[in-house]
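Letter by letter, the chains look like this.
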Amino acid sequence: MPLSPSSSAQTARETIAKRLKAPQQEAGLTGHDLALRTGFGESKVSRIAAAKTPPSADDIQRWCAACNADDGEAADLVAAGRAADEMDVQWKRLHRAGMKHAQDAILPQFENSRHIRMSCSNVMPGIVQRREYARALMGTITAFQNTPNDVDAAVDSRLRRDRYLHQGNCTFALRRRADGTR
């Protein structure tokens with residue numbers, strides 16, 4: 001499975017990869033050692049460790065067994081992997097008809113919230129994006145995903161959210177850091 005277009009699913013997979021590295025390091029195993037113990041190719045070990053390839057439940061169990069990690073850790077990681085997969089499925093389901101539906105789906109959250117916190121590591125948060133920025137971003141995403149092109153309608157929907165910055169009783173905390181830290 002390629003990298004997820006969903007940033008939440010990809011972040012979850014990166015967390016799983018980091019968690020898999022911990023027992024490997026505790027066991028003092030190199031990637032080569034781990035490949036030998038699991039029967040994986042070294043490239044597969046590298047791709048899983050770099051969150052380029054999501055590990056299957058069997059991959060996680062074999063990895064943890066090779067590192068002598070406890071069964072509880074393997075079970076937790078398998079559950080986290082399934083959750084990441086489900087995030088990806090939900091994201092794809094939400095976007096299969098284009099981006100406007102996804103943008104419209106977010107509006108009730110703004111209407112019903114008093115405090116909103118947003119953190120984006122690689123783009124400006126949607127609520128402060130301007131038309132051309134949002135159009136360029138969504139156009140790129142639409143092309144990457146190969147989903148229906150409803151960019152102009154999606155941008156209009158996204159820009160309707162900015163009214164919440166200027167009216168109502170909602171407070172915002174926005175953060176954009178290039179390094180992804182908080």
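Summarised in this report is the structure supplied together with it. (Residues numbered from 1 in each chain as written. Predicted model: local features only at pLDDT ≥ 70, side-chain atom pairs only at ≥ 80, totals over all residues. Heavy atoms only, no water.)

**Re the nonpolar core**
Then comes step 1: Counting 20 residues, the largest nonpolar core has L20, L34, V45, I60, W63, C64 and L77 as the members making the most contacts within it.
Then comes step 2: Taken together, the elements giving at least two residues each to this core come down to α1 (7–26), α2 (31–38), α3 (42–49), α4 (57–66) and α5 (71–95).
Then comes step 3: Not counting chain neighbours up to four residues away, the residues in contact with L20 comprise I48, P55, I60, W63, C64 and L77. (Core = buried A, V, L, I, M, F, W, Y, C linked by side-chain atoms within 4.5 Å. Buried < 20%, exposed > 50% of the residue type's maximum accessible area, 1.4 Å probe, protein only. Helix = DSSP H or I, 4+ residues; strand = E, 2+ residues; numbered from the N terminus. Contact = heavy atoms within 4.5 Å.)

**Topic: the pattern of salt bridges**
Then comes step 1: A complete count under the given rule lists 12 salt bridges for this structure.
Then comes step 2: Note that K44 is salt-bridged to D59, the shortest N-O span being 3.0 Å. Taken together, the residues K44 in helix α3 and D59 in helix α4 connect sequence positions 15 residues apart.
Then comes step 3: Residue classification places K44 among the partly exposed residues on the basis of a relative accessible area of 23%.
Then comes step 4: Classification of D59 by relative accessible area gives buried; the value is 8%.
Then comes step 5: Notably, a salt bridge pairs D58 with R62, separated by 3.3 Å at the nearest N-O pair. Pair noted here: D58 and R62 are both in helix α4, with a separation of 4 residues, about one helical turn.
Then comes step 6: For R62, a relative accessible area of 33% translates into the label partly exposed. (Salt bridge = Lys/Arg side-chain N within 4 Å of Asp/Glu carboxyl O.)

**Thoughts on the packing of aromatic side chains**
Aromatic rings in a pair are described by how distant their centres are and how their planes are angled relative to each other.
Then comes step 1: Tallied over the entire structure, the rule returns 2 aromatic pairs.
Then comes step 2: Within the aromatic cluster, the residues linked to one another by ring pairs are F110, Y164 and F172.
Then comes step 3: Between the NZ or CZ atom of K44 and the centre of the ring of F40, over which it lies, the distance is 4.4 Å. (Phe/Tyr/Trp six-rings, centres within 6.5 Å; stacked < 30°, edge-to-face > 60°. Lys NZ or Arg CZ within 6 Å of the ring centre and 35° of its normal.)

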